[in-house]
Amino acid sequence: MIEIREILFDERTISKKVKELADRISNDYAEKDLVLVCILKGAVVFTADLMRCLSIPVVIDFVRAASYGASTSPSRGIVITKDIETDIKGKYVLLIDTIIDTGETLDCLLKKFRERGPLGLETVVLVDKKPRRTVEVPLAYKGFEIPDRFVVGYGVDCAEQYRNLPYIAAVEITK
Ligand code: IMP
Ligand code: MG
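Figured I'd write up the structure that's included with this text. Because the structure is a prediction, the values reported are computed rather than measured. (Residues numbered from 1 in each chain as written. Chains lettered and ligands numbered in written order. Predicted model: local features only at pLDDT ≥ 70, side-chain atom pairs only at ≥ 80, totals over all residues. Heavy atoms only, no water.)

Right, let's talk about the overall build of the protein chain for a bit. Along its length, the protein chain carries 3 helices and 9 strands. The N-to-C order of helical and strand elements in the protein chain reads β-α-β-α-β-β-β-α-β-β-β-β. The C-alpha atoms of the protein chain give 16 Å as radius of gyration, which agrees with the globular expectation for 175 residues (16 Å, within 12%). When burial is assessed residue by residue, the protein chain has 43% of its 175 residues classed as buried. Residue pairs in contact within the protein chain that sit at least 24 positions apart in sequence constitute 66% of those at least 6 positions apart. Counting only carbon and sulfur atoms, one obtains 49% of the accessible surface of the protein chain, whose full area is about 9,300 Å². Here the protein chain contributes 26 positive and 27 negative side-chain charges, whose respective centroids are spaced 2 Å apart. (Helix = DSSP H or I, 4+ residues; strand = E, 2+ residues; numbered from the N terminus. Rg over C-alpha atoms; globule rule 2.2 N^0.38 Å. Buried < 20%, exposed > 50% of the residue type's maximum accessible area, 1.4 Å probe, protein only. Contact = heavy atoms within 4.5 Å. Areas by Shrake-Rupley, 256 points an atom, 1.4 Å probe, with all protein chains shown as cover. Lys, Arg positive; Asp, Glu negative; His and termini not counted. Charge placed at Lys NZ, Arg CZ, Asp CG, Glu CD.)

What follows covers the nonpolar core. Among the nonpolar cores identified, the biggest contains 28 residues, and Ile25, Phe46, Leu50, Leu94, Val124, Leu126 and Ile168 are the most heavily contacted of them. Within the residue set of this core, elements represented by two or more residues are helix H1 (11-28), strand E2 (34-40), helix H2 (44-52), strand E5 (92-100), strand E6 (120-128) and strand E7 (141-145). If you tally residues by element for this core, the top one is H1, at 5 residues. Discounting chain neighbours no more than four positions away, the residues touching Ile25 are Leu34, Leu50, Leu54, Ile56, Leu94, Val124 and Tyr141. (Core = buried A, V, L, I, M, F, W, Y, C linked by side-chain atoms within 4.5 Å.)

Another point: the sheet that holds strand E3 (residues 59-68). Pairing in this open sheet of 6 strands is mixed, and the strands run E4-E3-E2-E5-E6-E7 from one edge to the other. In the strand order of this sheet, the two ends are held by strand E4 (77-82) and E7, each with one partner. Ignoring strand direction, the axes of neighbouring strands in this sheet form an average angle of 30°. Pairing of E2 with E5, which is carried by 5 bridges, proceeds in the parallel orientation. Within the sheet, the bridge partner assigned to Leu34 lies in E5 and is Tyr92. On top of the sheet, H1 reaches E2, E5, E6 and E7; it is set at about 160° to E7, its chief contact. On the sheet, helix H3 (residues 104-114) packs against E2, E3, E4, E5 and E6 and is oriented at approximately 65° with respect to E4. (Pairing = 2+ DSSP bridges. Axes fitted to C-alpha atoms, helices over the stretch in contact; angles between N-to-C directions.)

So, on to the site of ligand 1. Within the structure, ligand 1 sits among 15 residues, and Asp97, Thr102, Gly103, Thr105 and Val151 are positioned closest to it. Between ligand 1 and Thr105, the relevant distance is 2.5 Å, taken from an oxygen atom to a side-chain nitrogen or oxygen of the residue. For ligand 1, whose free accessible area comes to 490 Å², the fraction covered by protein is 83%. With respect to the detected pockets, ligand 1 is housed in the largest pocket. Listed by contribution, the elements that provide at least two residues to the shell around ligand 1 are E5 and H3. Among the residues making up the shell around ligand 1, the classes are represented as 5 nonpolar, 3 polar and 7 charged. (Near = heavy atom within 4 Å. Polar contact = N/O pair within 3.5 Å; in protein donor to acceptor, adjacent residues only side chain to side chain. 1 Å grid on protein atoms, 1.4 Å probe; cavity = no way out; pocket = protein on both sides within 12 Å on 5 of 7 lines; lining within 4 Å. Sits in = over half its atoms within 2 Å of the grid points. Nonpolar A, V, L, I, M, F, W, Y, C, P; charged D, E, K, R; others polar.)

As a further point, take the sheet that holds strand E9 (residues 168-173). With antiparallel pairing, 3 strands are arranged side by side in an open sheet as E1-E9-E8. Of all the strands in the sheet, the pair left with one neighbour each is strand E1 (2-9) and strand E8 (151-152). Alignment of E1 against E9, held across 6 bridges, turns out to be antiparallel. The residue bridging Glu6 from the neighbouring strand is Ala170, located in E9.

By themselves these figures say nothing about function.
Okay, structure coming up:
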């Protein structure tokens, strides 16, 4: 069982922030061949909103990454379980996730994508759970910072539920 404890970011607050980030991206990537890479499944809602606020042409693609090993184990690894279909060589790539926690997912995807020869490779995250970071990840575009709290909504799940909530809320997991 989970209990919604507190709405951290409501629909209006998120929408305003998404527009701000999109304006910066449209500005920075004008005249560039931009590929948006949505990290499934959590970034689906954020990507859909962000891309509709962009004023520049973009290509979108999707990647799915899964982690194995306990989150605290040093042998934790990330594998791509669904890869993008776009050839990113010579293109500008923006990796999109709704929330960054330890940073392992983005760090691993950055490393794997860098080997494919993009001209540019940067990240966009809406929510940064900074106190949990174990690996440094450059965040070119960042929406909000939160303390170490478990959140759901706006694409982010708890056991695959709550992704459809239009807001981001902190939850308490009870038995
Ligand atoms: P990282 O590799 O530890 O940075 O994990 C990033 C992924 O963990 C995100 O894409 C989310 O799927 C998931 N995640 C991190 N924090 C939360 C949370 O508070 N609630 C739900 N999922 C989370
Ligand atoms: Mg999840």
